[in-house]
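Summary of the model geometry
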Amino acid sequence: MASLSLKGITKTYAGGVTAVSDFNLEIKDKEFIILVGPSGCGKSTTLRMIAGLEEISDGELYIGDKLVNDVAPKDRDIAMVFQNYALYPHMTVFENMAFGLKLRKTPKDEIKRRVEEAARILDIAHLLDRKPKALSGGQRQRVALGRAIVREPKVFLLDEPLSNLDAKLRAQMRTELSKMHRKLGTTFIYVTHDQTEAMTMGDRIVVMSDGLIQQVDTPQHLYDMPCNMFVAGFLGSPQMNFIDSKLIKKGDQFFVEFGTEDTKTTRGKKYQIPLPASKNEDGRLEEYVDKEIIMGIRPEDVHDEPRYIEQFSDCLIKADVEVTELMGAETYLYLNVVGFSYTARVEPTSTARPGDNIDVVLENTKIHLFDKETEKTICN
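Note that the coordinates shown come from a computational prediction; the quantities given were computed from them, not determined experimentally.

1. As for helix α5 (residues 167-184)
- If you check α5, its first and last C-alpha atoms are 26 Å apart, about what 18 residues at 1.5 Å a residue would give, namely 26 Å.
- Within α5, burial applies to Arg170, Met173, Arg174, Leu177, Ser178, Met180 and His181. Seen end-on, α5 carries its buried residues on one side only, within an arc spanning 160°. In α5, those exposed residues whose orientation departs by more than 90 degrees from the buried face are Lys168, Arg182 and Lys183.
- Elements in contact with the buried residues of α5: β3 (32-36), α3 (108-122), α4 (137-149), β7 (155-159), β8 (187-192) and α6 (195-201).
- Phi turns positive, to about 60°, at Gly185, one or two residues after α5.

Now the structure itself:
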């Protein structure tokens, strides 16, 4: 098995376009690492550099203790699963899975053993005589995974392998991939733009934007403690609410102030939300007093239930309900608060309807504050 070390990895194309810049990451043996970010952020390019399909412009890549910058892809002991499956249409499932082993002159009985074992793990043993055109999307994806498994590589590289599947099958395959990782005990590096996949599957997530690593951490820590507005907004569905605010101080108490002085309508009121003392660890809020900041709060921390309104009564605001979406187990409320759009994720029993003016509270212990200029986190 193998750990990986990426030291200052950079990819610059002809013409000076930099796709990945100064990428530093240590990946432990048997870890499931997810590279996530919007299209064009450099995650697939990073994966292709690890695979040897893209030349590294600068930096060093180690697999185990071996520097592999100039090692051919076939000699890196890795297997890659592509988005489009890349199966040979004229070959059966068995032949597709065995092809790489045949090229390596693996004995026939060993090929048979490995293919049948992989087919059993992936529940495709009954499909070994079929050709790809006779398979569903999910079955083709399993064959592509099987072709990688039989190689018994040190590292699996997966480039958006579930993006061509329907929603139900994607959820099922997420579970299967997690099981497969535990069963094989191999290092997985997985690229996706789907933050649900990232949150549910990875040991750690690497959030990328514009070719740069924004933050690397466990899924829950990234969600709770984002280092900047990009990470805060990228992870979570619906995404975090952001509102232009001002930090003020009265005595020893800090408040987030937003809105306008016009009190004739619900869209013209100034609100002051008190902040818990824990938000000012190390006195970090002092330098932002009377300055403009960005307040962030996740939809699940905006409440219309009476028990929350009672508990957080000093954080009460008025909101116009514009749209409601009943999702079954929860309801999304799309609100207008003093001219800002807000989303609340509330209980399905909520009685709010479009056109209503309702009371909601912000759970102030869950408020995030960001520097308006740098967009870096002030406090979580």
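2. Focus on the pairing of β7
- Buried residues dominate β7, accounting for five of its five residues.
- Along β7, one buried face is formed by Val155, Leu157 and Asp159 and the opposite face, lined by Phe156 and Leu158, is buried too.
- As defined by bridge partners, strand β6 (residues 78-81) adjoins β7 across four bridges and the pair is classed as parallel. Each residue of the ladder has a partner; that of Ile78, found in β7, is Val155.
- Alignment of β7 against β8, held across five bridges, turns out to be parallel. Its bridge partner lying in β8, Val155 is registered against Thr187.

3. Section: the pattern of salt bridges
- Per the stated rule, a full pass over the model turns up 24 salt bridges.
- The partner of Arg48 in a salt bridge is Glu54, and the shortest N-O contact between them spans 3.7 Å.
- Taking the relative accessible area as the measure of exposure, Arg48 reaches 28% and is therefore partly exposed.
- Across the salt bridge formed by Asp194 and Arg170, the nearest N and O atoms sit 3.1 Å from each other. Separated by 24 residues along the polypeptide, Asp194 in the loop between β8 and α6 and Arg170 in helix α5 bring together distant segments of the chain.
- A residue is classified by how much of its surface remains accessible, and Asp194, at 19% relative accessible area, is buried.
- Through salt bridges with shared partners, a single ionic network connects Glu110, Arg113, Arg114 and Glu152.

4. Points about the packing of aromatic side chains
- Applying the stated criterion across every chain, the model contains seven aromatic pairs.
- A centroid spacing of 4.9 Å and a plane angle of 40° characterise the contact between Phe156 and Phe188, whose relative ring orientation is tilted. Within this pair, whereas Phe156 is found in strand β7, its partner Phe188 is found in strand β8, the two being separated by 32 residues in sequence. Phe188 carries the same exposure label as Phe156, and that label is buried.
- Judged by centre distance (5.8 Å) and plane angle (70°), the rings of Phe242 and Phe370 are edge-to-face. Residue Phe242 is located in strand β11 (residues 241-250), and its partner Phe370 is located in strand β20 (residues 368-371); the two are separated by 128 residues in the primary sequence.
- A relative accessible area of 0% places Phe370 in the buried class.
- Grouped by ring-pair contacts, the aromatic residues Phe32, Phe156, Phe188 and Tyr190 constitute a single cluster.

Procedures and definitions
- Within every chain, residues take consecutive numbers counted from 1 along the sequence as written.
- The predicted nature of this model means local features are confined to residues of pLDDT at least 70 and side-chain atom pairs, given and counted, to a pLDDT of 80 or more, with totals for whole chains, interfaces and linings taken over all residues.
- Note: side-chain values were computed over all heavy atoms of the structure, leaving out hydrogens and water.
- Secondary structure elements follow DSSP: runs of H or I no shorter than four residues count as helices, runs of E no shorter than two count as strands, and numbering proceeds from the N terminus.
- Each helix should span, by expectation, one fewer than its residue count multiplied by 1.5 Å.
- Using a 1.4 Å probe on the protein chains alone, a residue whose accessible area is under 20% of its type maximum counts as buried, one over 50% counts as exposed, and one in between counts as partly exposed.
- The arc refers to the directions leading from the helix axis to the C-beta atoms.
- In this description, contact between two residues means that some pair of their heavy atoms is separated by no more than 4.5 Å.
- Any two strands with at least two DSSP bridges between them are considered paired.
- Should a side-chain nitrogen of Lys or Arg be within 4 Å of a carboxyl oxygen of Asp or Glu, the pair is scored as a salt bridge.
- Think of it this way: a Phe, Tyr or Trp ring, Trp meaning its six-membered ring, pairs with another when their centres are within 6.5 Å, and the plane angle makes it stacked under 30 degrees, edge-to-face over 60, tilted otherwise.

Keep in mind that these numbers describe shape and distance, not what the molecule does.
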